[in-house]
Amino acid sequence: MKKDIHPDYRHVIFKDVSTGFAVLTRSTLEKVSESMTWEDGKDYPVYLADISSSSHPFYTGTQRILDSEGRVEKFKKKYKSMASLKKKKS
């Protein structure tokens, strides 16, 4: 194996800020400002994540539908008036 081509991995805790879910894994992250004591009693750097599998709508099944009208219907509604204006001009 070639020397000095692989990145330097270290243990990092990824913590979801919205749910508090945390997982210990290895990463190449360099700048992490916080640290946290893990279940094994050791301190590890913490990377705060906005979303994880515990808060993502795909995994939780709690996706909120903000608009009930589909894209195609919106498009037709928006340009329906323009089409009628073109017919009147013709």
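Residues numbered from 1 in each chain as written. Predicted model: local features only at pLDDT ≥ 70, side-chain atom pairs only at ≥ 80, totals over all residues. Heavy atoms only, no water.

Chemist: In this structure, what is going on with the overall build of the protein chain? I would like to understand it.
Modeler: On a plain count of helices and strands, the protein chain comes out with 2 helices and 4 strands. Reading the protein chain from its N end, one meets helices and strands in the order β-β-β-β-α-α. In the protein chain, buried positions account for 12% of the 90 residues. The contacts of the protein chain with a sequence gap of at least 6 include a subset with a gap of at least 24, amounting to 33%. (Helix = DSSP H or I, 4+ residues; strand = E, 2+ residues; numbered from the N terminus. Buried < 20%, exposed > 50% of the residue type's maximum accessible area, 1.4 Å probe, protein only. Contact = heavy atoms within 4.5 Å.)

Chemist: Where do I start with the pairing of strand β3 (residues 34-37) in this structure?
Modeler: For a regular strand, side-chain orientation follows a simple rule: the groups alternate between the two sheet faces. Here β3 pairs with strand β4 (residues 43-49) via 4 bridges, running antiparallel. Bridge assignment links M36 to a residue of β4, and that residue is Y44. With antiparallel pairing between neighbouring strands as the criterion, β3 and β4 make up a hairpin whose turn holds 5 residues, including G41 at a positive phi of roughly 90°. (Pairing = 2+ DSSP bridges.)

Chemist: Sorry, what's going on with the pairing of β4 here?
Modeler: In the sheet, strand β1 (residues 10-16) pairs with β4 via 4 bridges, with the strands oriented parallel. Within β4, the position partnered with I13 by the bridge is V46.

Chemist: I tried to follow a nonpolar patch on the surface on my own but got confused; where do I start?
Modeler: Taken together, F75, Y79 and M82 make up a surface patch of nonpolar side chains, about 310 Å² in accessible area. Inspection of the secondary structure puts M82 in helix α2 (residues 71-89). Residue classification places M82 among the partly exposed positions, given a relative accessible area of 42%. (Patch = residues over 30% accessible without salt bridge, like charges linked within 9 Å, V, L, I, M, F, W, Y side chains within 5 Å. Areas by Shrake-Rupley, 256 points an atom, 1.4 Å probe, with all protein chains shown as cover. Salt bridge = Lys/Arg side-chain N within 4 Å of Asp/Glu carboxyl O.)

Chemist: What is the right way to look at the packing of aromatic side chains in this model?
Modeler: How two aromatic rings sit relative to each other is given by the distance of their centres and the angle of their planes. Throughout the structure, instances matching the rule amount to 2 aromatic pairs. Considering the side-chain rings of F14 and Y47, the 5.3 Å spacing of their centres and the 70° angle between planes classify their relative orientation as edge-to-face. In this pair, F14 sits in strand β1 while Y47 sits in strand β4, placing the two residues 33 residues apart along the sequence. Centroid distance F75 to Y79: 4.8 Å. Interplanar angle 50°. Geometry classified as tilted. With a gap of 4 residues between them, F75 and Y79 both fall in helix α2, about one helical turn apart. For F75, a relative accessible area of 53% gives the class exposed. (Phe/Tyr/Trp six-rings, centres within 6.5 Å; stacked < 30°, edge-to-face > 60°.)

Chemist: So what exactly am I meant to see when it comes to the sheet that holds β3 here?
Modeler: Across a sheet, strands are paired by hydrogen bonds formed along the backbone, either parallel or antiparallel in direction. On the basis of which strands lie adjacent, the open sheet formed by 4 strands has the order β2-β1-β4-β3 and mixed pairing. Every interior strand has two partners, whereas the edge strands, β2 (22-27) and β3, have only one. Here the strands of the sheet are splayed against their neighbours by 45° on average, with no regard to which way each runs. Where β1 meets β2, 6 bridges bridge the pair, whose relative direction is antiparallel. Along β2, the bridge assignment pairs H11 with R26. (Axes fitted to C-alpha atoms, helices over the stretch in contact; angles between N-to-C directions.)

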